[in-house]
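Structural overview for review
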Amino acid sequence: MRMIDLIEKKRDQKALTEEEIRFLVQGYTRGEIPDYQMASFLMAVYFQGMTPEETAHFTMEIVRSGEQIDLSSIEGIKVDKHSTGGVGDTTTLVLAPLVGSVGVPVAKMSGRGLGHTGGTIDKLESFPGFHVEVDNEEFIRLVNQNKVAVIGQSGKLTPADKKLYALRDVTGTVNSIPLIASSIMSKKIASGSDAIVLDVKVGAGAFMKSMEDARKLARTMVEIGDNVGRKTMAVISDMSQPLGFAVGNALEVKEAIDTLKGKGPKDLEELCLTLGSHMVCLAGKAQTPEEAGSMLKEAMNNGKALETMKQFIRAQGGDDRYVDHPEQLLTAKYTMEVKAKEDGYISEITANEIGTAAMMLGAGRATKESEIDLAVGLVLNKKIGDSVRNGETLVTIYSNRSSVTDVIEKVEQAYAISKQPVQPPVLIHDIVQG
Ligand code: URA
Ligand code: CA
């Protein structure tokens, strides 16, 4: 087989066979196929797409390029959740203990934040002592013991994806639905869960800006799951503004704890209950999402969800006393308020700019090597649709530097105020099932 023939075949809009896809993914991972040929192939995929069968084969070859985690010694049906990435997306911090508390095992591998989006691992490290470097045996033991463990992504999973993603990043081929879908699904499949719930974000702050693209991405990923025998479903949720109020690591931990007590922001709670209900159903612990939703609500109200959070923080070496006193995690030296300059209704809060403002304070990483400051970030006081008076607080800034004029400017750019009343956006746009 020759790579040039496969490039031409894709260029001419023909579908590749399983063997051809294996040849190019494994050959590229081993360094036998050069970057320039793979770059050309990726650009052909960008324009010509891939069939559902090609996408499934492509995904499974990425899975086979590295280690695959065997979770079969964890009792029960393991359900993973993945979000396509957003700003202030605190859902995993809530969902892992919440779903675990009703007896569904959650074996979660998470990433660190990069750019304007945060990572669950960084947020959890707000608890002094919490560690995420755990080997597979210990990971399985922790999940069997507490129903929940959240650890760092193993470096040995999907090496093909690492190489392909780095190449896509510099060749204008990131934004291709089959390539995004196979990249995300390969990592979920390699990390060993039986079923997958996807949170596909749509809106200005997301990868997918339109409902049409979000639906296409959701359908492509659900189809991959079906094709390879992992039950998969997707919720399409709004990212036209940040989720909840808090953006920043310890601030989001506090927001997650409030939500586990049933006292969190309504949008964050609704999304967590929606995603959580589907996880509980896929795990076979409830017949309908409504039944599952009541189980989860009850766990919030009777303290079980919070207790599960404490157990799993403690089991991974974290100081769980902060679960009862999360305000003590907020050690930023200064707080400042950004105020509205006119009366009206909030019509826009660009999630990307809010994420960038948090990053400028030190809550996120500009590069992979950057150190982050866990205490800093932003708390939104107004969301889209709220009425506002001149001089009212839009956002509180938590900072460790005394001058934040650059951040204030960014926040002001993110907000728009209209004279006319504005409808708050719908949070759950659609559900895509196999
Ligand atoms: N996230 C991924 O993991 N891969 C992509 O290609 C895009 C987003
Ligand atoms: Ca949030």
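Calculation rules
- Residues numbered from 1 in each chain as written.
- Chains lettered and ligands numbered in written order.
- Predicted model: local features only at pLDDT ≥ 70, side-chain atom pairs only at ≥ 80, totals over all residues.
- Heavy atoms only, no water.
- Helix = DSSP H or I, 4+ residues; strand = E, 2+ residues; numbered from the N terminus.
- Buried < 20%, exposed > 50% of the residue type's maximum accessible area, 1.4 Å probe, protein only.
- Contact = heavy atoms within 4.5 Å.
- Lys, Arg positive; Asp, Glu negative; His and termini not counted.
- Charge placed at Lys NZ, Arg CZ, Asp CG, Glu CD.
- Donors = N, O, S within 2.8 Å, 3.2 Å for Na, K, Ca; no water.
- UniProt positions renumbered as here; feature names shortened; annotations may be inferred.
- Expected span 1.5 Å × (residues − 1).
- Polar contact = N/O pair within 3.5 Å; in protein donor to acceptor, adjacent residues only side chain to side chain.
- Near = heavy atom within 4 Å.
- Areas by Shrake-Rupley, 256 points an atom, 1.4 Å probe, with all protein chains shown as cover.
- Nonpolar A, V, L, I, M, F, W, Y, C, P; charged D, E, K, R; others polar.
- Pairing = 2+ DSSP bridges.
- Right-handed = clockwise from strand over helix to strand, strands pointing away.
- Core = buried A, V, L, I, M, F, W, Y, C linked by side-chain atoms within 4.5 Å.
- Axes fitted to C-alpha atoms, helices over the stretch in contact; angles between N-to-C directions.
- Parallel < 35°, antiparallel > 145°, perpendicular 65-115°, else oblique.
- Left-handed = near helix turned anticlockwise from the far one by under 90°.

So, on to the overall build of the chain. Broken down by element type, the chain carries 17 helices and 13 strands. Projected onto its principal axes, the C-alpha coordinates of the chain cover approximately 65 × 45 × 40 Å. Within the chain, buried positions represent 56% of all 434 residues. Considering only residue pairs separated by 6 or more positions, the chain has 78% of its internal contacts joining residues 24 or more positions apart. Averaging the positions of the 49 positive and the 59 negative side-chain charges in the chain gives two centres separated by 1 Å.

Right, let's get into the coordination of the calcium ion (ligand 2). The coordination sphere of the calcium ion (ligand 2) contains the protein donors G88 (O), T90 (OG1), L243 (O), A246 (O) and E255 (OE), at a distance range of 2.3 to 2.8 Å. As a motif over one chain, the donors of the calcium ion (ligand 2) read G-x1-T-x152-L-x2-A-x8-E. Of this pair, G88 sits in the loop between strand 1 (79-83) and helix 5 (91-100) while A246 sits in strand 6 (residues 246-247); the two residues are 158 residues apart in sequence, bridging distant segments of the chain. Note on G88: relative accessible area 5%, which makes it buried. For A246, a relative accessible area of 4% gives the class buried.

Listed under "domain: Pyrimidine nucleoside phosphorylase C-terminal" (unreviewed entry) in the UniProt record, and renumbered for this structure, are residues 345-418. Secondary structure across residues 345-418 divides into 28% helix and 30% strand, with the first and last C-alpha atoms of the span separated by 5 Å.

As a further point, take helix 9 (residues 177-190). For an α-helix, 3.6 residues make a turn, and residues three or four places apart therefore share a direction. Between its first and last C-alpha, helix 9 extends 20 Å over 14 residues, near the 20 Å set by a 1.5 Å rise per residue. Counting buried positions over the 14 residues of helix 9 gives 13, a clear majority of the element.

What follows is about the environment of E255. With respect to the helices and strands, the residue E255 is situated in helix 11 (residues 249-260). Considering only alpha carbons, one finds E255 and L361, 106 residues apart in sequence, at a separation of 19 Å. Among all residues touching E255, those that are not within four sequence positions of it are T90, L243, G244, F245, A246, P265 and L268. Of note is the side chain of E255, whose polar atom sits 2.8 Å from the backbone nitrogen of A246.

Okay, the site of ligand 1 next. Close contacts around ligand 1 come from Y165, R168, I180, S183, I184, K187 and F207, and that covers them all. One of the side-chain nitrogen or oxygen atoms of R168 is found 2.9 Å away from an oxygen atom of ligand 1. In this structure, an oxygen atom belonging to ligand 1 sits 2.5 Å away from a side-chain N or O atom of K187. Against a free-state accessible area of 230 Å², the protein chains account for coverage of 87% of ligand 1. Of all the secondary-structure elements, those providing two or more residues to the shell around ligand 1 are helix 8 (159-169) and helix 9. Looking at the shell around ligand 1, the element that brings in the most residues is helix 9, giving 4 residues. The residue inventory of the shell around ligand 1, partitioned by class, reads 4 nonpolar, 1 polar and 2 charged.

Another point: the pairing of strand 5 (residues 231-238). Of all the 8 residues making up strand 5, 7 are buried; the element is thus mostly covered by neighbouring parts of the structure. Two elements, strand 4 (residues 195-202) and strand 5, share 8 bridges in a ladder whose sense is parallel. Opposite D199, over in strand 5, you have V235 as the bridge partner. Handedness of the crossover is the feature at issue here: the chain leaves strand 4, passes through helix 10 (residues 211-227), returns alongside strand 5, and the resulting connection is right-handed. Of the strand pairs in this sheet, strand 5 and strand 13 (residues 428-432) are connected by 4 bridges, and their pairing is antiparallel. Across the sheet, residue S237 finds its bridge partner in strand 13, namely I428.

Ranked by size, the top nonpolar core spans 82 residues in total, and within it F127, I354, L378, V395, I397 and Y415 carry the most contacts. Sort the elements by how many residues they give to this core and helix 12 (residues 266-282) lands first, with 9 residues. Sequence-distant contacts of I354, that is, excluding residues within four places in its chain, are made with V87, P242, V247, I349, L378, L380, A414 and Y415. Core analysis: the next-biggest nonpolar cluster, separate from the first, contains 36 residues, V63, M221, I224 and I236 among them.

Here we take up the sheet that holds strand 7 (residues 334-339). Pairing is antiparallel in the open sheet, where 4 strands are placed in the order 6-9-11-7. Two strands in the sheet have a free side with no partner beyond their single neighbour: strand 6 and strand 7. In this structure, strand 7 lies alongside strand 11 (residues 393-399), joined through 6 bridges in antiparallel fashion. The residue bridging V338 from the neighbouring strand is V395, located in strand 11.

Orientation of helix 5 relative to helix 12, taken along the N-to-C sense of each, is 45 degrees, at an axis distance of 10 Å. As judged from the angle between their axes, helix 5 and helix 12 are oblique. Remark: the crossing between helix 5 and helix 12 carries right-handed chirality. Residues T91, V94, L95 and V99 of helix 5 form the contact with helix 12, whose own contacting residues are L268, L271, C272, L275, G276, M279 and V280. In terms of residue class, the contact of helix 5 with helix 12 is made up of 9 nonpolar, 2 polar and no charged.

In space, the 4 strands of this open sheet follow the order 1-4-5-13, with mixed pairing throughout. Each edge of the open sheet is held by one strand with a lone partner, namely strand 1 and strand 13. Between one strand and the next, the sheet's axes are offset by a mean angle of 15 degrees, whatever the strand orientation. In this structure, strand 1 lies alongside strand 4, joined through 5 bridges in parallel fashion. Considered in strand 4, the bridge of S83 is made with D199. On the sheet, helix 9 packs against strand 1, strand 4 and strand 5 and is oriented at approximately 150 degrees with respect to strand 1. Its contacts with the sheet put helix 10 on strand 4, strand 5 and strand 13, and the angle it makes with strand 5 is roughly 165 degrees.

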